[in-house]
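Topology and contacts: notes
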Amino acid sequence: CAAGITAISHAAQSGHMTTVRILLRHRADPLARDNTGETSIDYARQVKYHEVASLLERVTNFDAAGFHALHHAARANDIAAIADLRDCGVSADLMTKGAAQSTALLLAAGCGHDAAVQLLLDRNASANTVDAEGHTPLMKAAGCGSMLCAKLLLQHKADSSLRTKTFFSKTALD
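Everything in this summary refers to the structure shown in the same document. (Residues numbered from 1 in each chain as written. Predicted model: local features only at pLDDT ≥ 70, side-chain atom pairs only at ≥ 80, totals over all residues. Heavy atoms only, no water.)

Section: the overall build of the protein
- When helices and strands are counted, the protein shows ten helices and zero strands.
- Ordering the α and β elements of the protein from the N terminus gives α-α-α-α-α-α-α-α-α-α.
- Projected onto the principal axes, the alpha-carbon positions of the protein cover approximately 60 × 30 × 25 Å.
- The burial tally for the protein puts 41% of its 174 residues in the buried class. (Helix = DSSP H or I, 4+ residues; strand = E, 2+ residues; numbered from the N terminus. Buried < 20%, exposed > 50% of the residue type's maximum accessible area, 1.4 Å probe, protein only.)

Brief notes about the nonpolar core
- Grouped together as the largest cluster of nonpolar side chains are 40 residues, with contacts concentrated most on Val20, Leu24, Leu56, Ile82, Val117, Leu120 and Leu153.
- Residues in contact with Val20, not counting those within four places in the same chain, are Ile8, Ala11, Ala12, Val52, Leu55 and Leu56. (Core = buried A, V, L, I, M, F, W, Y, C linked by side-chain atoms within 4.5 Å. Contact = heavy atoms within 4.5 Å.)

Comments concerning the environment of Pro30
- As for its position among the elements, Pro30 is in the loop between helix H2 (17-25) and helix H3 (40-46).
- Take Pro30: its relative accessible area is 9%, and that puts it in the buried class.
- Once the C-alpha coordinates of Pro30 and Glu57 are considered, the two residues, 27 residues apart in sequence, prove to be 8.7 Å apart.
- Residues contacting Pro30, with those up to four places away along its chain left out, are Ile8, Leu24, Thr39, Ser40, Ile41, Leu56, Val59 and Thr60.

Examining the pattern of salt bridges
- This model, assessed by the stated rule, comprises six salt bridges.
- With its nearest N and O atoms 2.7 Å apart, the salt bridge here joins Asp84 to Arg58. One end of the pair, Asp84, is in helix H6 (residues 79-87); the other, Arg58, is in helix H4 (residues 50-60), with 26 residues separating them in the sequence.
- Residue class for Arg58 comes out partly exposed when judged on its relative accessible area of 30%.
- The partner of Asp87 in a salt bridge is Arg123, and the shortest N-O contact between them spans 2.7 Å. In this pair, Asp87 is assigned in helix H6 and Arg123 in the loop between helix H8 (114-122) and helix H9 (137-143), connecting sequence segments 36 residues apart. (Salt bridge = Lys/Arg side-chain N within 4 Å of Asp/Glu carboxyl O.)

Looking at helix H5 (residues 69-76)
- Turning to H5, its buried residues number three or more, namely Leu70, His71, Ala73 and Ala74. What you see down the axis of H5 is that its buried residues fit within an arc of 160 degrees, all on one side.
- For H5, the secondary structure elements touched by its buried residues are H6, helix H7 (104-111) and H8.
- Count one or two residues on from H5 and you reach Asn77, which has phi positive near 60 degrees. (Arc of directions from axis to C-beta.)

Topic: the packing of H6 against H8
- Two numbers describe how H6 lies on H8: the axes approach to 10 Å, and their chain directions differ by 15 degrees. Between H6 and H8, the interaxial angle falls into the category roughly parallel. For the element pair H6 and H8, the recorded crossing hand is right-handed. Counted together, Ile79, Ile82 and Ala83 of H6 and Ala115, Ala116, Leu119 and Leu120 of H8 form the full contact between these two elements. (Axes fitted to C-alpha atoms, helices over the stretch in contact; angles between N-to-C directions. Parallel < 35°, antiparallel > 145°, perpendicular 65-115°, else oblique. Left-handed = near helix turned anticlockwise from the far one by under 90°.)

Notes on the layout of surface pockets
- Of the volumes computed, that of the largest pocket is approximately 220 Å³.
- If you trace the largest pocket, you find 13 residues lining it, with Val59, Gly89, Val90, Ser91 and Leu94 closest to the centre.
- A per-class count over the lining of the largest pocket returns eight nonpolar, four polar and one charged. (1 Å grid on protein atoms, 1.4 Å probe; cavity = no way out; pocket = protein on both sides within 12 Å on 5 of 7 lines; lining within 4 Å. Points joined across faces, edges and corners; volume = space filled by probe spheres on them. Nonpolar A, V, L, I, M, F, W, Y, C, P; charged D, E, K, R; others polar.)

What to know about the side chain of Thr39
- Its location among the elements puts Thr39 in the loop between H2 and H3.
- Residue classification places Thr39 among the buried residues on the basis of a relative accessible area of 5%.
- Excluding residues that lie within four positions of it along the chain, Thr39 makes contacts with Ser9, Pro30, Leu31, Ala32 and Arg33.

Some details on the environment of Cys144
- You can see Cys144 is positioned in the loop between H9 and helix H10 (147-155).
- Since its relative accessible area comes to 35%, Cys144 is described here as partly exposed.
- Taking C-alpha positions, Cys144 is 8.1 Å from Ala109, a pair spaced 35 residues apart along the chain.
- Excluding its chain neighbours within four sequence positions, the residues that come into contact with Cys144 are Ala109, Gly110, Cys111 and Gly112.

Below is the structure:
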C-alpha cells in the first residue's frame, strides 16, 4: 500500500469493523506504524470511526496497574468480553505488566469463576501457566476453594506437582 500503510490501518481508515476483526484474529498488528508513524488507531480516529478506534484500543491497551481488558473481563467473569477479545486475537496467555505477572486464567481461577476458566481453557489458555511467584491456576482455584475450577483445570492437564517459587515451595495439593 501507499506510504507503507498496513491492511489493518486501511480497514480502520475505511471503517470496516468486520475486516478489522478478521485481521486481528489473524494476528495483524494494530500498533504497526506506516512511513509517517501512524497506526491503525490513528487512522480510525482521524476519520472519526470511533467504534473501530475503541476496538483497536481495547485489544492493545493496558491500564496504569498493568491490566489488559482481558484480565479485567476474567476477574469480572465477563464471558462475552473474554470471547470477543479472544476472537479479536488477544492471546489467552497474555501476561499482566508489572511485578505480579498474571494471566486471565490465573485471575479467573483465583476468583473461582468456573465459566471464565472453562472458556479460557477452551480458547487455548495454558493450564500450567505461572505467575511471578510460581502459582498456577490450579493452586489459585484450590486456594479460593473452587472445586469446579480445579476439576476443569485437571481435565485440561493441569500439573498438580508444580511448586511455587516462594520460600515454602508448595504444590496445589499442599
